[in-house]
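Listed below are the residues making up each chain.
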Amino acid sequence: MEDDVRNGVGVDPWLRQTNHGVGKHDALPVARSLTVVLFAMTAVTLSPPLAALDISGASTVQPVVEKLIPLFTAQGGEPVKLSGGGSGAGVKNTLSGTSQIGMVSRELHADEKSTLKNTVIAMDALAIIVNKDNPVSSLTKAQLVDVYSGKINNWQALGGPDRPLIRVSKEVGRSTLELFEHYTGLLSPDRKKSDKPTISKQTYIIGSNLEALTLVGGLSGAIGYVSVGTARSLVHAGMPVKVVALEAIDPSDEAIRSRRYPIVRPLNLVYARESDSINSFLALARSEDGQKVVKSLGFLPVESR
């Protein structure tokens, strides 16, 4: 860099002078100017990178946060580092300080409420999905339990075609699994041993909503459960799946808002301590622009609760 300055590269023309025609007294201002330029260039090189606001957790909430980030940075907010991993990871990372904000797609547990603060940014529901070509359009709770416990293994028993039934479930640590377990009374086979009935071991275990939708969309005999907001978005985008009614109730906005639909949940952003950046991001999520993002992704805005 110093050689560049000596050779006049990147320096204003009035500085590119030699001692030819420059008097003894003129050399001092030139030297001072060179020093200023070198100092400025060094300062830029040594400036530390801007700190990032770390947000992690539920894959259900992740698309909302992803769309909020450009709005946040456009308002002068700092860069944001975003990652998934599930609601459990969001809670764990926020408590450990790895993340400043955690994404949690369920009600907080009692012990979490004592250590974390939360802001509800949307309402969601658990949708039961099947392949688009499957004629079955509604299931009862009892049928759902029989399917996932392994008692029913063919769609013919549910009024569908003579086709093997393929179960898709979520991994431990995902709040969608917890909601499903609570509703059906079935525990994941990966939980610690219990006297409660479990989901059949003949089940595909996946992580994100996108994985579940992709499997169900690609396998004509598959069934799964995902966020209704994510399901709506991807069905609209052309994913070959459909949402079936549960207990003859479709997960419409009205049914979710009134909680007539059996499995409803809040979408939360959690934090252990406040800061200007955290408060600004939470305010954006609850703002008119933030709630437009929520609605655009198929979720219910908090103003509709």
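Along every chain, residues carry numbers that run from 1 in the direction the sequence is written. In keeping with the predicted nature of the model, local features appear solely for residues at pLDDT of at least 70, side-chain atom pairs appear and are counted solely at 80 or more, and the whole-chain, interface and lining totals rest on all residues. With hydrogens and water excluded, all non-hydrogen atoms of the structure serve as input to the side-chain values.

Peer 1: What exactly am I supposed to notice about the packing of aromatic side chains here?
Peer 2: Here a ring pair, both rings aromatic, is described through the centre-centre distance and the interplanar angle of the planes. The criterion for an aromatic pair is that two Phe, Tyr or Trp rings (for Trp, the six-membered ring) have centres within 6.5 Å, with stacked assigned to planes under 30 degrees apart, edge-to-face to planes over 60 apart and tilted to the rest. Under the criterion given, the structure shown has 4 aromatic pairs. Here the aromatic rings of Tyr 148 and Tyr 225 are separated by 5.9 Å at their centres, their planes lie at 65°, and the arrangement is edge-to-face. In this pair, Tyr 148 is assigned in helix 6 (residues 141–149) and Tyr 225 in strand 8 (residues 222–227), connecting sequence segments 77 residues apart. With respect to burial, Tyr 148 and Tyr 225 carry one shared label: buried. An angle of 5° between the planes, with centres 4.1 Å apart, marks the rings of Phe 180 and Tyr 225 as stacked. Placement of Phe 180 in helix 7 (residues 175–184) and of Tyr 225 in strand 8 is noted, with a sequence separation of 45 residues between them. With a 1.4 Å probe rolled over the protein chains alone, any residue whose accessible area is under 20% of its type maximum counts as buried; one over 50% counts as exposed, and the rest are partly exposed. Taking relative accessible area as the criterion, Tyr 225 reaches 1% and is therefore assigned buried. Runs of H or I in DSSP of at least four residues are treated as helices and runs of E of at least two as strands, each being numbered from the N terminus.

Peer 1: Hey, could you run me through the nonpolar core in this one?
Peer 2: Soluble globular proteins tend to pack their nonpolar side chains together in the buried interior. Of all hydrophobic cores here, the largest spans 36 residues; its most connected members are Ile 128, Leu 139, Leu 144, Tyr 148, Ile 223 and Tyr 261. Those elements that place two or more of their residues in this core are strand 4 (117–131), helix 6, helix 7, strand 8, strand 9 (241–246) and helix 10 (253–257). Top contributing element to this core by residue count: strand 4, with 7 residues. Beyond its immediate stretch of four places on either side in the chain, Tyr 261 contacts Ala 125, Leu 126, Ala 127, Ile 128, Leu 246, Ile 249, Asp 250, Pro 251, Ala 255 and Ile 256. We define a nonpolar core as any set of buried Ala, Val, Leu, Ile, Met, Phe, Trp, Tyr and Cys residues linked to one another through side-chain atoms lying within 4.5 Å. Counting residues in each nonpolar core, the second largest holds 26 residues, with Val 64, Val 65, Leu 267 and Leu 297 among its members. Note on contacts: a residue pair qualifies if any of its non-hydrogen atoms lie within 4.5 Å across the two residues.

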